[in-house]
Amino acid sequence: MTISLSRIFAPKSAPEAILEPPPESKKPLVLLAEDNETNIITMVDFLTAKGYRVTVAHNGIEAVGRAVEEKPDIILMDVQMPVIDGLEATRRIRAEPELSSTPIIALTARAMPGDKERCLAAGVDLYLNKPVRLRRLLKVMEERLNR
Ligand code: MN
């Protein structure tokens with residue numbers, strides 16, 4: 001059986017290869033768990049502009065459900081959320097074997113002593129204080145995703 005080398009090395013049209021945006025499916029999927037509508041709009045606009053797909057959960061229970069269903073590449077977890085908070089949601093997500101190593105970045109509006117320890121104990125990879133500086137968030141996300 002012979003394989004045509006011209007098929008293997010078929011040159012792509014260079015300009016197209018460069019200009020073509022990545023297909024939707026290749027963009028990393030971010031699960032944004034956040035209950036504040038203004039923050040959601042800001043973050044979705046920003047992340048979409050930076051080449052991410054975003055799925056939104058409005059409370060902790062929804063965050064767990066979407067994480068299990070959609071297997072996001074990374075999770076942004078507001079700590080202060082209704083139904084169950086971001087830390088309890090993180091614990092439940094970490095209990096899922098398939099989600100045990102998904103990066104979780106906690107976003108917290110409180111700066112209370114012991115917050116860092118509580119976040120890390122729940123299973124978040126790192127936490128950022130609100131209001132979130134978007135450039136800083138992007139940098140942290142890209143480090144976690146090795147982009
Ligand atoms: Mn909140």
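See the structure shown above.
None of the values given here were measured: they were computed from a predicted structure.

J.: Explain the environment of P28 here, please?
T.: Assignment of secondary structure puts P28 in the loop between α2 (14-19) and β1 (29-33). Along the backbone, P28 and P72 are 44 residues apart, and their C-alpha atoms lie at a distance of 7.7 Å.

J.: Can you help me understand the coordination of the manganese ion in this one?
T.: Octahedral metals with six donors have ideal donor angles of 90 or 180 degrees. Tetrahedral metals with four donors have an ideal donor angle of 109.5 degrees. D35 (OD), D78 (OD) and Q80 (O) make up the full set of protein donors to the manganese ion, lying at 2.1 Å. The motif formed by the donor residues of the manganese ion, counted along the single chain, is D-x42-D-x1-Q. Of this pair, D35 sits in the loop between β1 and α3 (37-49) while Q80 sits in the loop between β3 (74-78) and α5 (86-94), placing them 45 residues apart in sequence. When its relative accessible area of 35% is taken as the criterion, D35 is described as partly exposed.

J.: How should I be thinking about the nonpolar core in this particular structure?
T.: A general feature of soluble globular proteins is that nonpolar side chains tend to end up buried together. The biggest cluster of nonpolar side chains holds 20 residues, and the ones touching the most others in it are A33, A67, I75, M77, I93, I104 and C119. The set of elements that each furnish at least two residues to this core consists of β1, α4 (60-70), β3, α5, β4 (104-108) and α6 (115-122). Filtering out sequence-adjacent residues up to four positions away, C119 remains in contact with V79, L87, A106, V124 and Y127. One finds Y52, L137, V140 and M141 within the second-largest nonpolar core, a separate group that totals 18 residues.

J.: Even after reading the chapter, I still don't get the pairing of β3, so can you show me in this structure?
T.: Remember that side chains alternate between the two faces of the sheet whenever the strand is regular. Counting buried residues along β3, 5 of its 5 residues qualify, which places the element largely inside the surrounding structure. In β3, alternate side chains face the same way, and those of I74, L76 and D78 on one face and I75 and M77 on the other are all buried. Summarising the sheet, β1 and β3 pair through 4 bridges and their orientation is parallel. Bridging across to β3, V30 finds its partner in I74.

J.: Honestly, the pattern of salt bridges in this entry has me stumped. Any pointers?
T.: If the charged atoms of two oppositely charged side chains come close together, the side chains can form a pair. According to the stated counting rule, one finds 11 salt bridges in the structure shown. When the shortest N-O distance is used, the salt bridge between R118 and D115 registers 3.3 Å. Separated by 3 residues within a single helix, R118 and D115 lie in helix α6, roughly one turn from each other. With a relative accessible area of 39%, R118 lands in the partly exposed category.

J.: Can you help me understand unusual backbone geometry in this one?
T.: Peptide bonds are, in most cases, trans, and in most cases residues other than glycine have a negative phi. For the peptide bond that leads from K130 to P131, omega is 0°, which places it in the cis range. Here P131 shows up in the loop between β5 (126-129) and α7 (134-145). At K71, a residue that is not glycine, the phi angle is positive and equals roughly 45°. Looking at where K71 falls in the secondary structure, it is placed in the loop between α4 and β3. You will see that V83, though not glycine, has its phi angle at about 75°, which is positive. Inspection of the secondary structure puts V83 in the loop between β3 and α5.

J.: Explanation requested: α5 in the structure shown.
T.: Since the α-helix turns once every 3.6 residues, residues separated by three or four places project in the same direction. Of the residues making up α5, those classed as buried are G86, L87, A89, T90, I93 and R94. Projected down its long axis, α5 carries its buried residues within an arc of 160°, all on one side. Against α4, β3, β4 and α6 lie the buried residues of α5. Two to three positions downstream of the cap, the backbone nitrogen of L87 sits 3.0 Å from a side-chain oxygen, assigning the N-cap of α5 to D85.

Calculation criteria
Residues numbered from 1 in each chain as written. Predicted model: local features only at pLDDT ≥ 70, side-chain atom pairs only at ≥ 80, totals over all residues. Heavy atoms only, no water. Helix = DSSP H or I, 4+ residues; strand = E, 2+ residues; numbered from the N terminus. Donors = N, O, S within 2.8 Å, 3.2 Å for Na, K, Ca; no water. Buried < 20%, exposed > 50% of the residue type's maximum accessible area, 1.4 Å probe, protein only. Core = buried A, V, L, I, M, F, W, Y, C linked by side-chain atoms within 4.5 Å. Contact = heavy atoms within 4.5 Å. Pairing = 2+ DSSP bridges. Salt bridge = Lys/Arg side-chain N within 4 Å of Asp/Glu carboxyl O. Arc of directions from axis to C-beta. Polar contact = N/O pair within 3.5 Å; in protein donor to acceptor, adjacent residues only side chain to side chain.

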